[in-house]
Amino acid sequence: QVQLVESGGGLVQAGGSLRLSCAASGRSFSSYAMAWFRQAPGKEREFVAGISGSGGVTVYANSVKGRFTISRDNAKSAEYLQMNSLKPEDTANYYCAASASMYGSRWYTTRAYDYWGQGTQVTVSS
């Protein structure tokens, strides 16, 4: 069992930056692929970025590529999302997620993830 708790959300002006954190409890954090998803009101939850258990593989949605950076610290059982050059369309509730079995296109689907956090709100004003 893995429990995930996000933090770091808030209100920021367009062009600004935020760093989200996800703290994990449970065993074998490094065995899980981790990801960030987001969900805006009235929209489906969408993939933002993912990182393999070792940190050697990262995947990004086209909408955030070049602006967001995902990372992890297995010694601290933590995952991070550095968000730069934020836009109003980045406004959403951001969730971290863990998957015990990740490959290919599974990164992008919510069904691939076994555990979810409760979310942290990010609001970008124009």
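The rules behind the values
- Residues numbered from 1 in each chain as written.
- Predicted model: local features only at pLDDT ≥ 70, side-chain atom pairs only at ≥ 80, totals over all residues.
- Heavy atoms only, no water.
- Pairing = 2+ DSSP bridges.
- Helix = DSSP H or I, 4+ residues; strand = E, 2+ residues; numbered from the N terminus.
- Axes fitted to C-alpha atoms, helices over the stretch in contact; angles between N-to-C directions.
- Phe/Tyr/Trp six-rings, centres within 6.5 Å; stacked < 30°, edge-to-face > 60°.
- Buried < 20%, exposed > 50% of the residue type's maximum accessible area, 1.4 Å probe, protein only.
- Lys NZ or Arg CZ within 6 Å of the ring centre and 35° of its normal.

Draft legend 1. Inspection of the sheet that holds strand 1 (residues 3–7) at higher detail. The strand order 1-3-8-7 describes an open sheet built from four strands, whose pairing is antiparallel. Two strands in the sheet have a free side with no partner beyond their single neighbour: strand 1 and strand 7 (68–73). Neighbour to neighbour, the strand axes of the sheet diverge by 15 degrees on average, direction disregarded. Sheet topology note: the strand 3 (residues 18–25)/strand 8 (residues 78–83) ladder contains six bridges and is antiparallel. When the sheet's bridge partners are listed, Ser21 is paired in strand 8 with Tyr80.

Draft legend 2. Structural context of the packing of aromatic side chains. Under the definition given, this model contains six aromatic pairs. Seen in terms of ring centroids, Tyr32 and Tyr115 are 6.0 Å apart; in terms of plane orientation they differ by 75 degrees. Their pairing is edge-to-face. Of this pair, Tyr32 sits in the loop between strand 3 and strand 4 (33–39) while Tyr115 sits in strand 10 (residues 115–116), placing them 83 residues apart in sequence. In terms of burial, Tyr32 and Tyr115 fall into one category: buried. Ring geometry for Phe47 against Tyr108: centres 4.9 Å apart, planes inclined by 70 degrees, an arrangement best described as edge-to-face. Of this pair, Phe47 sits in strand 5 (residues 46–51) while Tyr108 sits in the loop between strand 9 (92–99) and strand 10, and the two are 61 residues apart along the sequence. One aromatic cluster in this structure is built from Phe37, Phe47, Tyr108, Tyr113 and Trp116. Directly above the ring of Phe29 sits Arg72, whose terminal nitrogen or CZ lies 4.5 Å from the centroid.

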